[in-house]
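Here is what each chain is made of, one letter per residue.
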Amino acid sequence: MIITLEALPEDRRNIGWANQLLRASLRYENIIKALGTEPGMQVFPDGTDLSVTAEDEDVTVRAVCRRSDGIFKHATDITRNEARRRAVEGAIKKQETIRTAVNRSTKKSRAELEKLAAARNAEIEQLQADKELRDRVASCHDPVGRRNGRLCDLEAVLRAISGSHRPAGADG
């Protein structure tokens with residue numbers, strides 16, 4: 001579009017050619033910036049993240065239209081286009097996630113959060129230890145509690161718990 005507009009003599013261009021050229025050039029420059037940005041980095045580091053506004057405004061289709069500087073005049077300009085609709089829905093979910101995390105963390109002090117994290121880590125370690133114990137006990141006998149035609153004895157269970165898998169009567 002840029003090349004086409006620039007190639008036409010000014011007297012043959014339509015009424016809004018200057019605006020079209022400006023918007024197309026800006027969009028082209030922004031696409032080049034986006035393509036040149038490393039994955040995970042912000043394309044416009046000085047730009048604002050519209051999923052979190054300074055006024056803590058809810059992200060909605062209508063709010064996006066209001067803040068689009070006239071790019072989107074009506075909500076249907078977004079909702080009828082699947083990619084645009086998904087982008088706004090993603091921003092809404094991101095805002096909800098951020099607000100939930102902020103609300104949870106602001107109610108607790110740093111010490112409380114560290115204590116909670118330590119408790120969760122201890123709980124995870126205990127669950128992993130319990131799973132290892134169940135696996136060891138299960139390895140000493142089959143589901144009906146028999147091993148090689150005889151009941152699994154207490155020594156085998158104790159050996160499984162202690163980590164020693166030597167058969168009964170075996171010398172170390």
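Residues numbered from 1 in each chain as written. Predicted model: local features only at pLDDT ≥ 70, side-chain atom pairs only at ≥ 80, totals over all residues. Heavy atoms only, no water.

Draft legend 1. Region of the structure containing helix H2 (residues 17-35). For H2, built from 19 residues, the straight-helix expectation of 27 Å at 1.5 Å per residue is met to within 8% by its first-to-last C-alpha distance of 27 Å. Those residues of H2 not exposed but buried are Leu21, Ala24 and Ser25. In a view along the axis of H2, the buried residues occupy a sector of 100°, so they form one face of it. In H2, those exposed residues whose orientation departs by more than 90 degrees from the buried face are Leu22 and Arg27. (Helix = DSSP H or I, 4+ residues; strand = E, 2+ residues; numbered from the N terminus. Expected span 1.5 Å × (residues − 1). Buried < 20%, exposed > 50% of the residue type's maximum accessible area, 1.4 Å probe, protein only. Arc of directions from axis to C-beta.)

Draft legend 2. Representation of the environment of Glu57 within the structure. Its place among the elements puts Glu57 in the loop between H2 and helix H3 (61-67). The class for Glu57 is partly exposed, based on a relative accessible area of 21%. Remark: the alpha-carbon pair of Glu57 and Gln95, spanning 38 residues in sequence, is separated by 9.8 Å. Discounting residues that sit within four places of it in the chain, Glu57 has contacts with Ala63, Arg66, Arg67, Gln95 and Arg99. (Contact = heavy atoms within 4.5 Å.)

Draft legend 3. Looking closely at the confidence of the model for the chain. Summary statistics for the chain give a mean pLDDT of 75 and a share of 69% for residues scoring 70 or more. Summarising per-element confidence for the chain, the mean pLDDT is lowest in strand E1 (residues 146-147) (50) and highest in helix H4 (residues 76-79) (91). (pLDDT = per-residue confidence, 0-100.)

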